[in-house]
Amino acid sequence: MGDHLWTILNHLEKLTKQHQRRIAYEQESGIRQEDANMFILDHLNIPVSDVVGAPLLQSNVNLEAIRGQCVLISGPSGCGKTSLFRICAGFQSIDAKQIILPARRHLLFIPQRPYLPHGSLRFQALFLLKDQNLISDRDLFQLFQSVNLLYLLERHALDTAHGLSSVTDDNYAQQLLNEFSLGHLIDRYSMNGKRQVWSELLSIGEQQRLMIVSALLVGTETARLLILDETTSGCDKQTEEAIYKYLQRSNLQFISISHRKEISKYHSRQMTIDATDTPIPTPVFKTRF
């Protein structure tokens, strides 16, 4: 066990140093700039992997959106959609003339199969809240996530998570659970019930909705840009519509990856990434509000 822990810590230390070097390089070179009201990709190349000299999936990707413009990105599997957002999140090196987007601590990425920590329903709904001290450093959280070690954060937090959030947070959490057709979870497990393994209990659609509830509870001051990677793929059309209409009202800028054309009406811009050609942003003349 000691050798195993030493290996994990050594790996984390290497990842941390690599991550810090990447951030320093981005800042010194001016490749990545922070702006809470802009999302700009300027001649971005998307490689197959984060290895020097790796072949490109896409080249010269260009996109510009301002706060209030929500973007839908679509394209066939394997064309580089998810890799694009891994680059934006800092998991892969940036190969671009420039990208401008909110600071990493203001980005919230929700994948198709979200991470659900073990715990009570209340803990699951509120675990992303900053005042719980579960995540003191978003970059560190992302590093743990990238190497599938979130259980270490979870294990540390489970003993202190209960009783830290206000009654207002609880009320809002219950409101959102009901809004997204998850009220039955309150009846079935109660907010402060026993520790559950949610990924084994819930359908993929329920897991996606529960993670969206957690993201919305973070609040717009912290989560400036929500990135949804097929996040509603397991939901029926009625529930998906409720989610996107709520997001439209929440003053959150969001970018979606999806193969479902039906959700284009909830976005003000679309970009299709082809398997072979350079992606071309296509304006959609709709307003979000």
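The notes below deal with the structure included here. Nothing here was measured: the structure is a model prediction, and the numbers come from that model.

Quick notes on the rules
- Residues numbered from 1 in each chain as written.
- Predicted model: local features only at pLDDT ≥ 70, side-chain atom pairs only at ≥ 80, totals over all residues.
- Heavy atoms only, no water.
- Helix = DSSP H or I, 4+ residues; strand = E, 2+ residues; numbered from the N terminus.
- Expected span 1.5 Å × (residues − 1).
- Pairing = 2+ DSSP bridges.
- Axes fitted to C-alpha atoms, helices over the stretch in contact; angles between N-to-C directions.
- Contact = heavy atoms within 4.5 Å.
- Core = buried A, V, L, I, M, F, W, Y, C linked by side-chain atoms within 4.5 Å.
- Buried < 20%, exposed > 50% of the residue type's maximum accessible area, 1.4 Å probe, protein only.
- Polar contact = N/O pair within 3.5 Å; in protein donor to acceptor, adjacent residues only side chain to side chain.

### Structural notes on helix 1 (residues 2–29)
(1) Moving on: Its 28 residues place the ends of helix 1 40 Å apart at the C-alpha level, agreeing with the 40 Å of an ideal helix rising 1.5 Å per residue.
(2) Moving on: Once helix 1 ends, the next one or two residues include Gly-30, with phi positive near 75°.

### Digging into the sheet that holds strand 1 (residues 32–34)
(1) Moving on: One open sheet accounts for 4 strands, arranged 1-5-2-3; its pairing is mixed. Strands with a single pairing partner mark the edges of an open sheet, and in this sheet they are strand 1 and strand 3 (56–66). Across the sheet, the mean angle from the axis of one strand to that of its neighbour is 20°, orientation sign disregarded.
(2) Moving on: Direction of pairing for strand 2 (residues 38–47) relative to strand 3: antiparallel, over a ladder of 7 bridges. Following the sheet pairing, Met-38 is matched in strand 3 by Ile-66.
(3) Moving on: Across the sheet, helix 2 (residues 81–89) lies against strand 1, strand 2, strand 3 and strand 5 (98–101), angled at about 115° from strand 2, the strand it touches most.

### With respect to the nonpolar core
(1) Moving on: Residues Leu-121, Leu-177, Phe-180, Leu-216, Leu-226 and Leu-247 are the most contacted members of the largest nonpolar core, which totals 43 residues.
(2) Moving on: Those elements giving two or more residues to this core turn out to be strand 6 (107–110), helix 3 (121–126), helix 6 (167–179), helix 7 (183–189), helix 9 (204–218), strand 7 (225–229) and helix 10 (237–249).
(3) Moving on: Element by element, the count of residues in this core is highest for helix 9, at 8 residues.
(4) Moving on: Of all hydrophobic cores here, the second largest spans 26 residues; its members include Leu-63, Ile-73, Leu-84 and Cys-88.

### Some words on the environment of Thr-82
(1) Moving on: Tracing the sequence through the fold places Thr-82 in helix 2.
(2) Moving on: Measuring from C-alpha to C-alpha, the distance between Thr-82 and Asp-229 comes to 7.1 Å, with 147 residues separating the pair along the chain.
(3) Moving on: Beyond its immediate stretch of four places on either side in the chain, Thr-82 contacts Asp-229 and Ile-257.
(4) Moving on: A polar atom in the side chain of Thr-82 sits 2.8 Å from the side chain of Asp-229.

### Regarding the side chain of Ser-83
(1) Moving on: Following the sequence through the fold, Ser-83 ends up in helix 2.
(2) Moving on: Using a relative accessible area of 15% as the deciding quantity, one classes Ser-83 as buried.
(3) Moving on: Apart from the residues within four sequence positions on either side, Ser-83 is in contact with Ile-46, Leu-57 and Gln-92.

Structural measurements only, silent on function.
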